[in-house]
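# Residue-level structural notes
Each chain is listed here by its residues.
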Amino acid sequence: MDDLLRVGVITSTHGIAGAVKVYPTTDDVKRFKKLKRCILVNNKEQLELDIVEVKYFKNMVILRFKQFDNINQIEKYKNSELYVTRENAVALEEGEYFICDLIGLEVVDENNNKIGTISDVLQTSANDVYEIDNGNGKKYLFPAIKQVIKKVNLEEGIMTVHVLKGLLDL
């Protein structure tokens, strides 16, 4: 399991006082109001930042950090990702999981026959869809609904599914 969870990506600066526009990659955009600290990661460095101001504009979040007070200091961090630690992550309801925890799970049917491993999670308006790679070049799409997903065991790294008719047809 990853210790850091991505919550957004800095897209551009906002004004001259060091604020940035962030494209949120979290299901709960309002979570930024309660967030006090995040971790900026790019290919050169990792910085812990204190959030001092949060605003919302259209589909973006505008953040200002204690560590930066002008555009020149923050401009080099465009396209950097923002993360939170698991302790600062949103609380999950029963049956909810972080996508990063699902990627790589072994998927088996109710008879313990291996189907493959989760290679991606597609987010749709109706429900998430798990892409399962069987290891032989075939990929299956399983809807993340209770009729299909029977059990998720993160400790063992296994998801048990009920294979509805047609799910394994290509």
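Now for a description of the structure that goes with this document. (Residues numbered from 1 in each chain as written. Predicted model: local features only at pLDDT ≥ 70, side-chain atom pairs only at ≥ 80, totals over all residues. Heavy atoms only, no water.)

This part takes up the sheet that holds strand β8 (residues 114-123). Spatial ordering of the open sheet is given by β10-β9-β8-β7-β12-β11, a layout of six strands whose pairing is mixed. Strands at the two margins of the open sheet, each flanked by one partner only, are β10 (139-143) and β11 (149-153). Neighbour-to-neighbour, the strand axes of the sheet open up by a mean angle of 35 degrees, direction not taken into account. (Pairing = 2+ DSSP bridges. Helix = DSSP H or I, 4+ residues; strand = E, 2+ residues; numbered from the N terminus. Axes fitted to C-alpha atoms, helices over the stretch in contact; angles between N-to-C directions.)

Below, the discussion takes up the packing of aromatic side chains. Centre-to-centre distance and the angle between the planes together describe a pair of aromatic rings. Enumeration over the complete set of coordinates arrives at two aromatic pairs. Centroid distance F68 to Y77: 5.6 Å. Interplanar angle 50 degrees. Geometry classified as tilted. Among the residues examined, F68 registers a relative accessible area of 9% and is labelled buried. Note on Y77: relative accessible area 4%, which makes it buried. (Phe/Tyr/Trp six-rings, centres within 6.5 Å; stacked < 30°, edge-to-face > 60°. Buried < 20%, exposed > 50% of the residue type's maximum accessible area, 1.4 Å probe, protein only.)

The next point concerns the pattern of salt bridges. Under the definition given, this model contains eight salt bridges. Here E75 and K78 are joined by a salt bridge, their closest N and O atoms 3.9 Å apart. Look at E75 and you get partly exposed, because its relative accessible area is 37%. For K78, a relative accessible area of 36% corresponds to the partly exposed category. (Salt bridge = Lys/Arg side-chain N within 4 Å of Asp/Glu carboxyl O.)

Looking now at unusual backbone geometry. In this structure, K58 takes a positive phi of about 55 degrees despite not being glycine. Turning to its location among the elements, K58 is positioned in the loop between β4 (46-57) and β5 (60-65). Judged by relative accessible area, K58 falls into the exposed class, the value being 76%. Although it is not a glycine, N79 sits at a positive phi angle of roughly 70 degrees.

So, about the environment of N136. With respect to the secondary-structure elements, N136 resides in the loop between β9 (128-133) and β10. A sequence separation of 52 residues divides N136 from V84, and the C-alpha atoms of the two residues are 36 Å apart.

Sheet architecture is closed into a barrel: six strands sit in the order β1-β2-β5-β4-β3-β6, paired in antiparallel fashion. Taking each pair of neighbouring strands and ignoring which way they run, the sheet shows an average axis angle of 45 degrees. One ladder, built from five bridges, connects strand β1 (residues 4-14) with strand β6 (residues 81-85); its direction is antiparallel. The residue of β6 that forms the bridge with G8 is L82.

Turning to the nonpolar core, a few remarks are in order. Core analysis: the biggest nonpolar cluster contains 22 residues, and L63, F65 and L82 have the highest contact counts within it. Those elements giving two or more residues to this core turn out to be β1, β2 (19-24), β3 (37-41), β4, β5 and β6. In contact with F65, other than residues within four places in its own chain, are V20, C38, L49, D50, I51, V52, I74 and L82. Membership of the second largest hydrophobic core comes to 16 residues, among which are L105, V107, F142 and V148. (Core = buried A, V, L, I, M, F, W, Y, C linked by side-chain atoms within 4.5 Å. Contact = heavy atoms within 4.5 Å.)

For β1 and β2, the ladder comprises six bridges, and the chain directions are antiparallel. Looking at β2, one finds that I10 is bridged to V22. Connecting β1 to the next strand, β2, in antiparallel fashion are four residues, including G15 with a positive phi near 80 degrees. Pairing of β2 with β5 involves three bridges; the strand directions are antiparallel.

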